[in-house]
Amino acid sequence: MSTSNTMNLYPVNHAELGNFISGSKSFGPLTINYNLDLSIPQVQVTVLLYGVVIGQATINRAHPTVQLGGSMGIAKAQVDLTLNGNKIDYKIDVEAFGKTIYKGSGVLFSW
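We now turn to the structure provided with this report. (Residues numbered from 1 in each chain as written. Predicted model: local features only at pLDDT ≥ 70, side-chain atom pairs only at ≥ 80, totals over all residues. Heavy atoms only, no water.)

**Some words on the pairing of strand S3 (residues 42-49)**
- The buried fraction of S3 is high, at seven of eight residues.
- Where strand S2 (residues 30-37) meets S3, eight bridges bridge the pair, whose relative direction is antiparallel. Looking across to S3, one finds that Leu30 is bridged to Leu49.
- Remark: four residues form the turn of the hairpin made by S2 and S3, two consecutive strands paired antiparallel.
- Between S3 and the antiparallel strand that follows it, strand S4 (residues 52-60), lie two residues; Tyr50 among them carries a positive phi value of about 50°. (Buried < 20%, exposed > 50% of the residue type's maximum accessible area, 1.4 Å probe, protein only. Helix = DSSP H or I, 4+ residues; strand = E, 2+ residues; numbered from the N terminus. Pairing = 2+ DSSP bridges.)

**Let's talk about the sheet that holds strand S1 (residues 20-27)**
- Spatial strand order, S1-S2-S3-S4: four strands in an open sheet with antiparallel pairing. One side of each edge strand has no neighbouring strand; the edge strands of this open sheet are S1 and S4. If you compare each strand with its neighbour and ignore which way they point, the axes differ by 15° on average. (Axes fitted to C-alpha atoms, helices over the stretch in contact; angles between N-to-C directions.)

**Some thoughts on the pattern of salt bridges**
- For the coordinates displayed, the defined rule picks out two salt bridges.
- A salt bridge links Glu95 to Lys76; the nearest nitrogen and oxygen atoms lie 3.9 Å apart. On the criterion of sequence distance, the pair formed by Glu95 in strand S7 (residues 87-96) and Lys76 in strand S6 (residues 75-83) is long-range, its members being 19 residues apart.
- What makes Lys76 partly exposed here is its relative accessible area of 46%.
- As a salt-bridge pair, Asp89 and Lys87 come within 3.8 Å of each other at their nearest N and O atoms. (Salt bridge = Lys/Arg side-chain N within 4 Å of Asp/Glu carboxyl O.)

Function-wise, these values are silent; they only describe arrangement.
Below, the structure written as structure tokens:
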């Protein structure tokens, strides 16, 4: 198969690709992965504690706030995420062995 034919097998709509933003942010053993679709707009989030999924949710204008949390062995986490205009705010509490590893709030990401 020639290169020119390969290029046509998987057409890419570059304007559509610009509608997606993905990333992750870690807070000690806690990681939040996010995928923003600007065409809707909505954000898919997955929260992992020591690499194990403890929660997943969709944030949009109809459901602007989610609370996720859980435990994994010796650690537990509580994550509150809120759509606030063109940003996602977080409030996080992560503990292990009964001691705080991370507790704070801020902006997860903005667009």
